[in-house]
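Examination of the molecular architecture
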Amino acid sequence: MASILALDFGGTKLAAALVESGSREWLRYERRLSPANADANTDMEIMRSLIASLLQGTIATAIGVSFGGPVDATTGTVRLSHHVPGWENIPLKNLLEQEFGLPTIVDNDANVAALGEHRFGAGQGYDSLFYITISTGVGGGWIINGKSWQGAGGMAGEIGHIVVDPAGPVCLCGKRGCVERFASGPYMAQNAKDILQSQQKQQGGEILRSLVENDLNLITGQLISQAAAKGDKIAQAVLKKSAWALGVGIGNIANLINPQRFILGGSVTKAGETWWNTIQQTATATALPEVSFEIVPAALGDDAPLWGAVALAETLQ
């Protein structure tokens, strides 16, 4: 059987898997966190070691790659990573093809995850869907009329940089009040930290402070979810703002393109019932009453980009 090598270059983690074409079970799977000071070279070295561990004499026939950042999918060139330095204009497809001698296809992680969910997950049987990943950043990928749709320059789906609050805080991209600036895990942590630091006296946040033993630099999106579930008012406010921003973005996109389904994946989607309910309510209130749509969790979880990479690679065979 022909085997496919699926690679996922994320903002904070690297994953790789080997699968027989047509199978729904990984033959082998490897995952590793990217070190805090990683650059493109570090990520490539880690990925090489993961690939070596996977192959062990197995012959693969194609490589599918999901990359966490803007990609020119026609050439397989990474434009940049917003989270890892050194990826500017790296010809990743060519590098992998030269090193491993296998046909390779590369695309942005949200586009790839959309393909994975459409082919293997919560998008099966749907002609139009928008996949949104909410983790280190916020991105989106389209399936329209049953096919991946990337826009004229490959930049369709950037829901993370829809402005929902023009007077809001400055985002990584330079604009104010983007969806990502409120909804991503690192920015939720930043927002909670800013609120706690600006307090004149204890005005809530005790549970969150206790979880990090008063070291505000240790706050993460995950800890905000935990503190919110335990009743911490500041954590709850940050979490609700995250869900509100995403809900406004979804409602506007529903009005504009009218897909059947919004599929949400990424680590922040584990934030709990209040987060999901706030998104649903905000999106419904933002969209026209005549516009119907569903918002559902990704069926493939964190593996959506890897399964999408499999679907991508199968187009090469």
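Residues numbered from 1 in each chain as written. Predicted model: local features only at pLDDT ≥ 70, side-chain atom pairs only at ≥ 80, totals over all residues. Heavy atoms only, no water.

Going by the annotation in an unreviewed UniProt entry, the name recorded for the protein is ROK family protein, with Anabaena azotica FACHB-119 given as the source organism.

Overview of the overall build of the protein
Secondary structure assignment for the protein yields 10 helices and 12 strands. Compactness check: the protein gives a C-alpha radius of gyration of 20 Å against a globular reference of 20 Å for 317 residues, within 12% of the reference. Considering only C-alpha atoms, the protein reaches an extent of 60 × 50 × 35 Å along its principal axes. The buried share of the protein, reckoned over its 317 residues, is 53%. Partitioning the intrachain contacts of the protein with sequence separation of at least 6 by distance along the chain shows that 61% fall at a separation of at least 24. Separation of charge centres in the protein, based on 22 positive and 29 negative side chains, amounts to 5 Å. (Helix = DSSP H or I, 4+ residues; strand = E, 2+ residues; numbered from the N terminus. Rg over C-alpha atoms; globule rule 2.2 N^0.38 Å. Buried < 20%, exposed > 50% of the residue type's maximum accessible area, 1.4 Å probe, protein only. Contact = heavy atoms within 4.5 Å. Lys, Arg positive; Asp, Glu negative; His and termini not counted. Charge placed at Lys NZ, Arg CZ, Asp CG, Glu CD.)

Notes on the domain arrangement of the protein
Here the protein is partitioned into domain 1 (3–121 + 301–314) and domain 2 (129–297). Here the C-alpha centroids of domain 1 and domain 2 sit 25 Å apart. Between domain 1 and domain 2, the residue contacts involve 19 residues of the former and 20 residues of the latter. Interface area for domain 1 against domain 2, summed over the two sides, is near 1,500 Å², with a carbon-plus-sulfur share of 57%. (Domains from an automatic or database assignment. Buried area = accessible area lost by both parts, 1.4 Å probe.)

Some points on a nonpolar patch on the surface
Taken together, the side chains of Trp-149, Leu-256 and Ile-257 make up a nonpolar region of the molecular surface, amounting to roughly 320 Å² of accessible area. With respect to the helices and strands, the residue Leu-256 is situated in helix 8 (residues 233–257). Judged by relative accessible area, which is 70%, Leu-256 ranks as exposed. (Patch = residues over 30% accessible without salt bridge, like charges linked within 9 Å, V, L, I, M, F, W, Y side chains within 5 Å. Areas by Shrake-Rupley, 256 points an atom, 1.4 Å probe, with all protein chains shown as cover. Salt bridge = Lys/Arg side-chain N within 4 Å of Asp/Glu carboxyl O.)

Focus: helix 9 (residues 273–286)
In a regular helix each residue adds 1.5 Å, so 14 residues correspond to 20 Å; helix 9 covers 20 Å between its end C-alpha atoms and thus fits that length. Buried within helix 9 we find Trp-275, Trp-276, Thr-278, Ile-279, Thr-282 and Ala-283. Seen along its axis, helix 9 keeps its buried residues to an arc of 160 degrees; they face one direction. For helix 9, exposure combined with an orientation more than 90 degrees from the buried face picks out Glu-273, Gln-281 and Ala-285. Close packing links the buried residues of helix 9 with strand 8 (129–134), helix 8, strand 11 (261–265) and strand 12 (294–297). (Expected span 1.5 Å × (residues − 1). Arc of directions from axis to C-beta.)

A look at the pattern of salt bridges
This structure, assessed with the given rule, holds eight salt bridges. Between Glu-99 and Arg-48 there is a salt bridge, with the nearest N and O atoms lying 2.7 Å from each other. Of this pair, Glu-99 sits in helix 2 (residues 92–100) while Arg-48 sits in helix 1 (residues 40–55), and the two are 51 residues apart along the sequence.

Overview of the sheet that holds strand 1 (residues 3–9)
Here five strands make up an open sheet; going across it, the order is 3-2-1-4-7 and the pairing mixed. In the strand order of this sheet, the two ends are held by strand 3 (28–33) and strand 7 (104–108), each with one partner. Along the sheet, successive strands turn relative to each other by an average axial angle of 15 degrees, direction set aside. In terms of strand pairing, strand 4 (residues 60–67) meets strand 7 through five bridges, oriented parallel. Across the sheet, the residue bridging to Val-65 is Val-106, located in strand 7. Along the sheet, helix 2 makes contact with strand 1, strand 4 and strand 7, crossing strand 7 at roughly 150 degrees. Contacts from helix 10 (residues 304–314) reach strand 1, strand 2 (13–20), strand 3, strand 4 and strand 7 within the one sheet, and its direction differs from that of strand 1 by about 135 degrees. (Pairing = 2+ DSSP bridges. Axes fitted to C-alpha atoms, helices over the stretch in contact; angles between N-to-C directions.)

Topic: the environment of Gln-260
Mapped onto the secondary structure, Gln-260 falls in the loop between helix 8 and strand 11. Sequence spacing of Gln-260 and Ile-295 is 35 residues, and the spatial spacing of their C-alpha atoms is 9.1 Å. Of note is the side chain of Gln-260, whose polar atom sits 2.9 Å from the backbone nitrogen of Asp-127. Within the local environment of Gln-260, its side chain forms a polar contact with the backbone nitrogen of Ser-128, the two atoms lying 2.8 Å apart. (Polar contact = N/O pair within 3.5 Å; in protein donor to acceptor, adjacent residues only side chain to side chain.)

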